[in-house]
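A look at the structure
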Amino acid sequence: MNGDSEPDDLARALEAALFAATEPMSVQQLRQYVGDRADITSALERLAGDYAGRGINLVERGGRWHFQTAADMAHMLRREKEEPRRLSRAGMETLAIIAYHEPVSRAEIEAIRGVQVAKGTIDVLMEAGWVRPAGRREVPGRPLIYATTPEFLTHFGLESRRDLPGLEDLRAAGLLDPVDLAMEGAMEGLFEREDDDSALENMGEEA
Amino acid sequence: MNGDSEPDDLARALEAALFAATEPMSVQQLRQYVGDRADITSALERLAGDYAGRGINLVERGGRWHFQTAADMAHMLRREKEEPRRLSRAGMETLAIIAYHEPVSRAEIEAIRGVQVAKGTIDVLMEAGWVRPAGRREVPGRPLIYATTPEFLTHFGLESRRDLPGLEDLRAAGLLDPVDLAMEGAMEGLFEREDDDSALENMGEEA
Amino acid sequence: MAEREEAFDLFEAPRAAGEVLTLSFESWEGPLDLLLNLARSQKVDLKQISILALVEQYLRFIAEAKALKLELAADYLVMAAWLAYLKSALLLPRAMQEEPSPEELALRLHLRLQRLSAMRDAGARLMARDRLGRDVFVRGAPEGLRVDKRALWQASLYDLVAAYGQVKARTQPASHVVSRRPVMTLDAALERVGRLVGARLDWARLESFLPEGLSGAFGRSALASSFVAMLELARQGRVDIKQEGIFAPIFLRTAMEAATVERDGVEA
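Basis of the calculations
- Residues numbered from 1 in each chain as written.
- Chains lettered and ligands numbered in written order.
- Predicted model: local features only at pLDDT ≥ 70, side-chain atom pairs only at ≥ 80, totals over all residues.
- Heavy atoms only, no water.
- Helix = DSSP H or I, 4+ residues; strand = E, 2+ residues; numbered from the N terminus.
- Buried < 20%, exposed > 50% of the residue type's maximum accessible area, 1.4 Å probe, protein only.
- Contact = heavy atoms within 4.5 Å.
- Areas by Shrake-Rupley, 256 points an atom, 1.4 Å probe, with all protein chains shown as cover.
- Phe/Tyr/Trp six-rings, centres within 6.5 Å; stacked < 30°, edge-to-face > 60°.
- Buried area = accessible area lost by both parts, 1.4 Å probe.
- Salt bridge = Lys/Arg side-chain N within 4 Å of Asp/Glu carboxyl O.
- Polar contact = N/O pair within 3.5 Å; in protein donor to acceptor, adjacent residues only side chain to side chain.
- Nonpolar A, V, L, I, M, F, W, Y, C, P; charged D, E, K, R; others polar.
- Pairing = 2+ DSSP bridges.
- 1 Å grid on protein atoms, 1.4 Å probe; cavity = no way out; pocket = protein on both sides within 12 Å on 5 of 7 lines; lining within 4 Å.
- Points joined across faces, edges and corners; volume = space filled by probe spheres on them.
- Expected span 1.5 Å × (residues − 1).

Turning our eyes to something else, we now look at the overall build of chain C. If you tally the helices and strands in chain C, you get nine helices and four strands. Within chain C, the proportion of its 268 residues that are buried is 40%. At a minimum sequence separation of 6, the contacts of chain C that also span at least 24 residues come to 55%.

This is the structure we're talking about:
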C-alpha cells in the first residue's frame, strides 16, 4: 500500500465490511455498516489506491464495490492435479488389438473383439496419448485407421511393437485358455452393456 | 500497511491465494500454488505485519493461515451475522477439558466433571469440527481418546495449543494433573500439619 | 440463616425472575457441580474454603429440597450420605479414625473441586475469545482455489497382453466341451435302488436309498430318478411300496414274492 500512515477507522471499517460481504456493496449499503458519513466514496477511492499494486484489488463495478484477487494472479489460483486412473477392460482390449494389428479401423477392431467398440473407448486411448489416427483405409467409406504412438511404447516399456509377445507365447503362458464359467458370466454382462449406445461406459472407472 | 515498498511477487501471490481460498491454508498447501519456495513462512509473517493495523488481518492458527476481519469490527459486522449455536455448559466444560488435557478419554473427562458425559456432548463437539478421536489409550479396555482439531484453533483464534488461556498457570498449579498424582504431593504437607487440631477446618489450605 | 438464604439464591439464580421457588436440579450437572457452586458461594478463594462448612451447606441444601418434596436424583443422595460420613469422621477423635483418613478424603474432594473449577473457568475464557463467525469473519465470497484434474492413465504390459489373450481366446473357433451336468440318470437310479433294496429286508424310506450328503441340483435329480426307479421296480414286481398318506414318507422293501423267487433262483 502507499502506506503513508495507518488506515483510519473509516477505512478499516470499509475494508472489514467489504471483505466479509457475500456480494459487492453499494455506498448506500456500506453506509448501513459504517454509519452515515459523507466521505465514504473518497475513502473507498483511497483504499482502492492502497491495494492497487497488491495481490488483492478493491474495484468498483456499476456503483458497487468488492475485493477481488488481482487479474494477473488468476493463472496461479488454478492448479493441475494428475489423477491416476485405470483403463476399463474394453479400453484395454481395444488398445491391445490396435497394438497387435495396427493400423486398424474401428470396424476391424469390432470384428476382432466380437463386440462393438464405443466411441469413447478410442477417445480415452487417444487422450492417454497411446493411440493416434493414422490416415484412412482406401476402401468404400474410407474409414479412419488407428495406430499406436511412441508414448505407447515408452509407457509399456517396449523398444518396438515386435517386442509384443506372439500368440505362441500367449498360449504358453496360458493366456489363451478358454475363460471359465464365472468369467463367461461376467463377460455377458459386459457385452450387454456395450450394445447400449449410451454406454460409452465411464471409461476410466475400473470395469 | 507499513508500506515501505510495493509487495513483491511472492507476497502478492500469497495474498491472492489466501484471499481466494475457502479454507485456512498451510504453508504446504500454499506451496502448491505459489511454487516451491523456501521463504514462504517469512513472507507470510511480513504480510501479517503489513495487515496488522488494518480492518482485515492475516493470522496463523495451528500452522494454517487465513485472512479475517479485525476483532474490533465485531460490533459492526455482527449485526447481520447469525450467532453460532451456543454450547451448553456441559459442552463448554467438556471442550475445555479436552483442550487442556488432550488427548483424554471419556472416563478421564467424567472423572473431572464428576458426572457421566452424555454421548451427545462429544458428538456436538465433533460435529462442530472442534474435537476428533485421536486413537486409543493403551490401557485395559483400550478406550478412545479425544483431541482438538486445527478448526478448534481457527475458531477460537489460537495460534497453537500453547495459547490456550491460562494454560501455563494451570499447569504450574498442578491443576492439569490427575487427582491421584496431586494427592501424593499434597498428603505430605497434610501429615506435617496433622498435629495441629485446628487444621480440620481449613482442609484446603496449601493443598 | 444467612447461608440458608444463599442456598436459595443458588436455586433461583438460573431461573427467570418471578418463578419463585420453582426449584430444579436440572441446573446442576451432578453433585460435584452443585458442590462447586456452593463452594463458590463461600466467596473466598477456592483454595481457602472450609470443607466442613461446605459439607454442612450441601446437607442443608438437600434437606431443604426434601422438605419441598423435590425429586432428587440418586447421585445427589449418595453424595449427601458420603458427605455426612465425612463430616462425622472429621469430627471424631483422631484415634478412632480409619484408613483412609477423613483428611485424605476431604483433600481429595477439595482437589476435585479445584480441577472442575479450573476447567469451568477455562471453558468460559475460551468462549469469550474472539471467535470466528461470531466476532471475526472470514471472506464472505472467496473466489475459491481451483484444482483441475487430469487423468493419468495407467496400464501394465501384462494387462495389455492378457487383454489380447482374452480377445483371442473368446473369438478363436473353440472346440466346445459340454460339461457333465450334475444329474443321476434313471439307469443309475434303477441299478442303485435295485441293488440296495435287495440287501434290506425291512421297510426303508425312499430317501435312504440316495447317496449320502447330497444337496442342490444333484440331490433333487437323485431323488426324482430314484422315485421313478422305485415305480419301475414296483411295476416289475420287484419291490413293495407303502405310504401312509399324501406327502407322507414313502417306504419300500424287496417284494416278498420276488425275494423268494430270487432266493430260489440262487439256490437252484
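Anyway, onward from the coordinates.
Let us now look at the overall build of chain A. Across its full length, chain A carries nine helices and seven strands. Looking at chain A residue by residue over its 207 residues, the buried ones come to 44%. Residue pairs at least 24 apart in sequence account for 51% of intrachain contacts in chain A once pairs closer than 6 positions are excluded. Of the roughly 10800 Å² of accessible surface on chain A, 48% is carried by carbon and sulfur atoms.

The next point concerns the packing of aromatic side chains. For the coordinates displayed, the defined rule picks out 11 aromatic pairs over all chains. Taken together, a centroid distance of 5.6 Å and an interplanar angle of 75 degrees make the contact between Phe67 of chain A and Phe19 of chain B edge-to-face. Of this pair, Phe67 of chain A sits in strand S3 (residues 64-69) while Phe19 of chain B sits in helix H1 (residues 9-20), each in a different chain. Classification of Phe67 of chain A as buried rests on a relative accessible area of 3%. Here Tyr51 of chain B and Phe67 of chain B contribute two aromatic rings whose centre-to-centre distance is 4.9 Å and whose plane-to-plane angle is 75 degrees, an arrangement assigned as edge-to-face.

Tallying the contact residues gives 51 residues for chain C and 66 residues for chain B. A per-residue breakdown of the area chain C buries against chain B is headed by Arg115, Met119 and Phe137 of chain C, which together make up 15% of the total. A salt bridge links Asp33 of chain C to Arg89 of chain B; its shortest N-O distance comes to 2.8 Å. At the boundary of chain C and chain B, one finds 14 residue pairs in polar contact (both at pLDDT 80 or more). At the level of elements, helix H2 (31-40), helix H3 (51-67), helix H5 (102-127) and strand S1 (146-154) of chain C are the ones that each hand at least two residues to the side of chain C that touches chain B. At 20 residues, H5 of chain C tops the list of elements feeding residues into the side of chain C that touches chain B. Its residues assigned to classes, the side of chain C that touches chain B comprises 23 nonpolar, nine polar and 19 charged.

Our focus in this paragraph is the sheet that holds strand S3 (residues 64-69) of chain B. Residue and element names in this part refer to chain B. On the basis of which strands lie adjacent, the open sheet formed by three strands has the order S1-S3-S2 and antiparallel pairing. Two strands lie at the open edges of the sheet, namely strand S1 (25-26) and strand S2 (56-61), each paired on one side alone. Direction of pairing for S1 relative to S3: antiparallel, over a ladder of two bridges. Looking at S3, one finds that Ser26 is bridged to Arg64.

Below, the discussion takes up the interface of chain B and chain A. The interface of chain B with chain A comprises 34 residues on the first partner and 30 residues on the second. Taking both sides of the interface into account, the surface hidden between chain B and chain A amounts to around 2900 Å²; carbon and sulfur atoms contribute 56%. Among the residues of chain B in contact with chain A, Arg12, Tyr33 and Arg54 of chain B are the three that bury the most area, contributing 22% of the side total. Run the count over chain B and chain A and you get six salt bridges. For Arg54 of chain A, the salt bridge is made with Asp50 of chain B, and the minimal N-O distance between the two is 3.4 Å. At the junction of chain B with chain A, the criterion picks out 12 residue pairs in polar contact (both at pLDDT 80 or more). At the level of elements, H1, helix H2 (27-34), helix H3 (40-51), S3 and helix H4 (74-78) of chain B are the ones that each hand at least two residues to the side of chain B that touches chain A. The dominant element in the side of chain B that touches chain A, judged by the number of residues it contributes, is H1 of chain B, at eight residues. Considering only residue class, the side of chain B that touches chain A consists of 17 nonpolar, seven polar and 10 charged.

In this model, the second largest pocket occupies a volume close to 390 Å³. Along its surface, the second largest pocket is lined by 23 residues, and Thr22 and Pro24 of chain B together with Leu132, Val138 and Arg139 of chain C are the ones closest to its centre. Examining the composition of the lining of the second largest pocket, we find that four residues originate from one element, S3 of chain B, more than from any other. Partitioned by chemical class, the residues of the lining of the second largest pocket number 13 nonpolar, five polar and five charged.

On to the sheet that holds strand S2 (residues 56-61) of chain A. Adjacent strands of a sheet pair through backbone hydrogen bonds, lying either parallel or antiparallel. All names here are of chain A. Ordered in space as S1-S3-S2, the three strands form an open sheet in which the pairing is antiparallel. Here the strands that pair on one side only, and so sit at the sheet edges, are strand S1 (25-26) and S2. When S2 meets S3, the two strands line up antiparallel, connected through six bridges. In the sheet register, Val59 faces S3, and the bridge partner there is His66.

Before going further, it helps to examine helix H5 (residues 89-101) of chain B. Two residues of an α-helix separated by three or four positions point the same way, owing to the 3.6 residues in each turn. Residue and element names in this part refer to chain B. In this model H5 runs 18 Å from its N-terminal to its C-terminal C-alpha over 13 residues, within 8% of the 18 Å that 1.5 Å per residue would give. Burial runs high along H5: 12 of the 13 residues are buried. Within the sequence span of H5, burial applies to Ala90, Gly91, Met92, Glu93, Thr94, Leu95, Ala96, Ile97, Ile98, Ala99, Tyr100 and His101.

Before going further, it helps to spend a moment on the pattern of salt bridges. All told, the structure shown has 40 salt bridges over all chains when counted by the stated rule. The salt bridge involving Glu232 of chain C is made with Arg235 of chain C; its shortest N-O contact spans 2.9 Å. Of this pair, Glu232 of chain C and Arg235 of chain C both sit in helix H8 (residues 216-235), three residues apart, which is roughly one turn of the helix. With relative accessibility at 22%, the residue Glu232 of chain C sits in the partly exposed group. Residue Arg253 of chain C is joined to Asp240 of chain C by a salt bridge in which the shortest nitrogen-to-oxygen separation is 3.7 Å. A residue pair is termed long-range when its members are at least 10 positions apart, and Arg253 of chain C in strand S4 (residues 250-254) and Asp240 of chain C in strand S3 (residues 239-243) qualify at 13 residues. Under the relative-accessibility criterion, Arg253 of chain C is labelled partly exposed at 21%. Within this structure, Arg89, Glu93 and Arg113 of chain B together with Glu29, Asp33 and Arg120 of chain C form a network of salt bridges that share partners.

With that settled, the discussion passes to unusual backbone geometry. Residue Pro103 of chain A is reached from Glu102 of chain A by a cis peptide bond, and omega for that bond is -10 degrees. One can find Pro103 of chain A in the loop between helix H4 (89-101) and strand S5 (104-105). Look at Arg142 of chain B: it is not a glycine, yet its phi comes out positive at around 40 degrees. Mapped onto the fold, Arg142 of chain B is located in the loop between strand S5 (131-136) and strand S6 (144-148). Relative accessible area serves as the criterion here: at 41%, Arg142 of chain B is assigned to the partly exposed category.

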